[in-house]
Amino acid sequence: MLNRFSSVTDITQILLSQGFSSLLSQADVPELSRNDASTVSNSTHQKGADTLSHPCSSKCRPEDFRLLPCITSHPLGQPRRSELPLRLPRSSLQCYIHPRPLRFPSQAHRPGQLKQYYLLNAASLLPVLALQVRDGDTVLDLCSAPGGKAVAIMQSATPALLCCNEPDPHRRAWLAKTLESFLPPSLSSRVMVSAQDGRSFGKSEAGFYDKVLVDAPCSNDRSWLHSSCRHQGQQRLEDRAKLPVLQTQLLRSAISAVRPGGVVVYSTCTLSSLENCAVVEAVLNDFPGAEVESLWEEIALPLSKYFAFISRPGHKRLDAKPSPCPPTDAPSCSHDKLGILVVPQPGKTWGPMFLSRIRKKG
């Protein structure tokens, strides 16, 4: 994923010469109706550029990201840009993908210098695409560390506020360093790092946010697939039994924190239906005013040439090249009704990734 706040011309040329292609090409995604707010370019974030002020901005040093509580009130009487129809964006988010697994050098963190690109699992961008952040939105990244999806959000649009939450101090330091590496100082008034327990936002920030991303702690089958450590595998099996309770609490908190008409995206990197569809279904039972929106035509169909998506148990999965791996061994829910699931493929290094978008009715 390229950083739009840094010069990336040379990196783009290198990627293309090595056989990379753009994940979000013009032909893959439908047209996006632009809103009135212009997207941020490099020129608008030079020293002295205007930034949005909020109650915490006077406490922020412009050169770093402070650990601040997310604001608890928001301006009244302002139109919500996010009430416009949602479509898959193709604006400033630039991500390049390679057809085969290969190593690409990472860039070291250097204070005061922005990195040109972020290395991530390609499927990790899908929850951000589903969130459909628009300029001027108030956004909460509830489980933000290490910060890849927060960076992707800021590559996609210019929200009025992005609150990146991480209660663990070590992971929070990692998150802050990631933000510092990819975002210019002039955005420090729009981006804040919070240390709250994610389960508390439903009360402390009730109805405040336009969009909430819950990239929940999970049993992480992605790491398991690429790990040979038996001890870690056993630990994940033990954690798997406890995680659905925490995931359900986080998703409940997120839906309470989003405003009427706003959306929540819930995602994991596990194949476990207990951590995916079962969590979504349990929370929907508690919120009759919330409903799942289909991501099948919006994300699965346009991106099926890159990812293998499951439709329903017992049905064929959607991918460009059929794979010998059985598509429905682990999941046991109807993913086209409660979410979509990217399954791992031989020769690929992305997936699994489950995502579900829930809209809170007005």
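As shown above, the structure is provided for reference.
Residues numbered from 1 in each chain as written. Predicted model: local features only at pLDDT ≥ 70, side-chain atom pairs only at ≥ 80, totals over all residues. Heavy atoms only, no water.

**Q** Could you clarify how one ought to interpret helix α4 (residues 169-182) in this entry?
**A** The periodicity of an α-helix, 3.6 residues per turn, causes residues three or four places apart in sequence to face the same way. For α4, spanning 14 residues, the distance from its first C-alpha to its last is 20 Å, which sits close to the expected 20 Å at 1.5 Å a residue. Summarising the contacts, the buried residues of α4 are in contact with α3 (148-156), β4 (161-165) and β5 (191-194). Taking the backbone nitrogen of His 170 as reference, a side-chain oxygen 3.1 Å away marks Asp 168 as the first, capping residue of α4. (Helix = DSSP H or I, 4+ residues; strand = E, 2+ residues; numbered from the N terminus. Expected span 1.5 Å × (residues − 1). Contact = heavy atoms within 4.5 Å. Polar contact = N/O pair within 3.5 Å; in protein donor to acceptor, adjacent residues only side chain to side chain.)

**Q** Explanation requested: the pattern of salt bridges in the structure shown.
**A** Under the counting rule described, the total for this entry stands at ten salt bridges. Lys 361 is paired through a salt bridge with Glu 291; the nearest N and O atoms lie 3.8 Å apart. Pair noted here: Lys 361 is in the segment after β11 (353-360) and Glu 291 is in strand β8 (residues 290-293), with a separation of 70 residues, a long-range link. Judged by its relative accessible area of 44%, Lys 361 falls in the partly exposed class. For Glu 293, the salt bridge is made with Arg 357, and the minimal N-O distance between the two is 2.8 Å. One end of the pair, Glu 293, is in strand β8; the other, Arg 357, is in strand β11, and 64 residues separate them in sequence. Here Arg 357 falls in the buried class, since its relative accessible area comes to 3%. Within this structure, Glu 293, Glu 298, Arg 357 and Arg 359 form a network of salt bridges that share partners. (Salt bridge = Lys/Arg side-chain N within 4 Å of Asp/Glu carboxyl O. Buried < 20%, exposed > 50% of the residue type's maximum accessible area, 1.4 Å probe, protein only.)

**Q** I tried to follow helix α8 (residues 277-286) on my own but got confused; where do I start?
**A** Of the positions making up α8, those classed as buried are Cys 277, Val 279, Val 280, Val 283 and Leu 284. Each buried residue of α8 sits inside an arc of 160° when the element is viewed along its axis, so together they form one side. (Arc of directions from axis to C-beta.)

**Q** Is there a simple way to think about the pairing of β4 in this case?
**A** Each regular strand shows side chains that alternate between the opposite faces of the sheet. The element β4 is extensively covered by neighbouring structure, given that five of its five residues are classed as buried. Here β4 shows no split at all, with Leu 161, Cys 163 and Asn 165 on one side and Leu 162 and Cys 164 on the other all buried. Here strand β3 (residues 138-141) pairs with β4 via four bridges, running parallel. Bridge pairing in β4 links Val 139 to Leu 162. This β-α-β element, β3 to α3 to β4, shows right-handed connectivity. In this sheet, β5 lies alongside β4 in parallel orientation, the contact comprising four bridges. Bridge assignment links Leu 162 to a residue of β5, and that residue is Val 191. Each parallel crossover has a hand, and the one from β4 via α4 to β5 is right-handed. (Pairing = 2+ DSSP bridges. Right-handed = clockwise from strand over helix to strand, strands pointing away.)

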